[in-house]
Amino acid sequence: MVTISALLPRQFFFECPRCGTYHTSEKSLRGFITPLLEERLDVELKMKGVTGATLKFKDGCPLCEEDGSYEVELSVLRHHTH
């Protein structure tokens, strides 16, 4: 018997207190994180069950704040099986 497990597509989100949560690309998400956070993201994305990440902006995101200085928090998304 052969078991084939489908890979879930990675999903990336921006979360903003003003704009809400919306999809973004991995490339766009990486554009707003520090090298240290990028290294953490790379490690986390290789772990089993990780399907993407959310970048939470403290005050505003690129859609509502154009000044270019953002305080962010990175969290990974995991696939939960029941």
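Scroll up for the structure.
Residues numbered from 1 in each chain as written. Predicted model: local features only at pLDDT ≥ 70, side-chain atom pairs only at ≥ 80, totals over all residues. Heavy atoms only, no water.

This brings us to the pattern of salt bridges. When charged atoms on two side chains of opposite charge get close, those side chains can pair. The tally for this structure, following the rule as stated, stands at six salt bridges. Between Glu 71 and Lys 58 there is a salt bridge, with its nearest N and O atoms 3.9 Å apart. Within this pair, whereas Glu 71 is found in the loop between strand 3 (50–57) and strand 4 (72–78), its partner Lys 58 is found in the loop between strand 3 and strand 4, the two being separated by 13 residues in sequence. Here the salt bridges do not stand alone but share partners, grouping Glu 26, Arg 30, Glu 38 and Asp 42 into one network. (Salt bridge = Lys/Arg side-chain N within 4 Å of Asp/Glu carboxyl O. Helix = DSSP H or I, 4+ residues; strand = E, 2+ residues; numbered from the N terminus.)

Spatial strand order, 2-1-3-4: four strands in an open sheet with mixed pairing. At either end of the open sheet lies a strand with only one pairing partner, and these are strand 2 (20–24) and strand 4. Pairs of neighbouring strands in the sheet enclose a mean axial angle of 25°, with direction left out of account. In this structure, strand 1 (residues 11–16) lies alongside strand 3, joined through five bridges in parallel fashion. (Pairing = 2+ DSSP bridges. Axes fitted to C-alpha atoms, helices over the stretch in contact; angles between N-to-C directions.)

Position of Glu 44 relative to the elements: it lies in helix 2 (residues 35–45). With near-sequence residues (within four places) excluded, Glu 44 lies in contact with Val 50, Val 76 and Arg 78. (Contact = heavy atoms within 4.5 Å.)

Next up on the list: the side chain of Arg 30. Among the secondary structure elements, Arg 30 is positioned in helix 1 (residues 26–30). Only 3.1 Å separates the side chain of Arg 30 from the side chain of Glu 38, close enough to count as a polar contact. (Polar contact = N/O pair within 3.5 Å; in protein donor to acceptor, adjacent residues only side chain to side chain.)

With that settled, the discussion passes to the pairing of strand 3. Most of strand 3 sits inside the fold, with seven of its eight residues counted as buried. Here strand 3 pairs with strand 4 via seven bridges, running antiparallel. Its bridge partner lying in strand 4, Gly 52 is registered against Leu 77. (Buried < 20%, exposed > 50% of the residue type's maximum accessible area, 1.4 Å probe, protein only.)

A few words on the environment of Arg 30. Put simply, Arg 30 and Leu 55 are 25 residues apart on the chain and 9.3 Å apart in space, counted from C-alpha to C-alpha. Once you skip the residues sitting within four places of it in the chain, Arg 30 turns out to touch Glu 38, Leu 41, Asp 42 and Leu 45.

Attention now moves to the packing of aromatic side chains. The relation between two aromatic rings is expressed through the spacing of the ring centres and the mutual angle of the planes. Per the counting criterion, the structure on display carries six aromatic pairs. Between Phe 14 and Phe 57, the ring centres sit 5.1 Å apart and the planes meet at 85°, which makes this aromatic pair edge-to-face. Linking Phe 14 in strand 1 with Phe 57 in strand 3, this pair joins segments that are 43 residues apart in sequence. Judged on exposure class, the residue Phe 14 and its partner Phe 57 are both buried. Judged by relative accessible area, Phe 57 falls into the buried class, the value being 1%. By way of ring pairs, the aromatic residues Phe 14, Tyr 22, Phe 32, Phe 57 and Tyr 70 are connected into one cluster. (Phe/Tyr/Trp six-rings, centres within 6.5 Å; stacked < 30°, edge-to-face > 60°.)

Coordinates in, geometry out; function isn't part of it.
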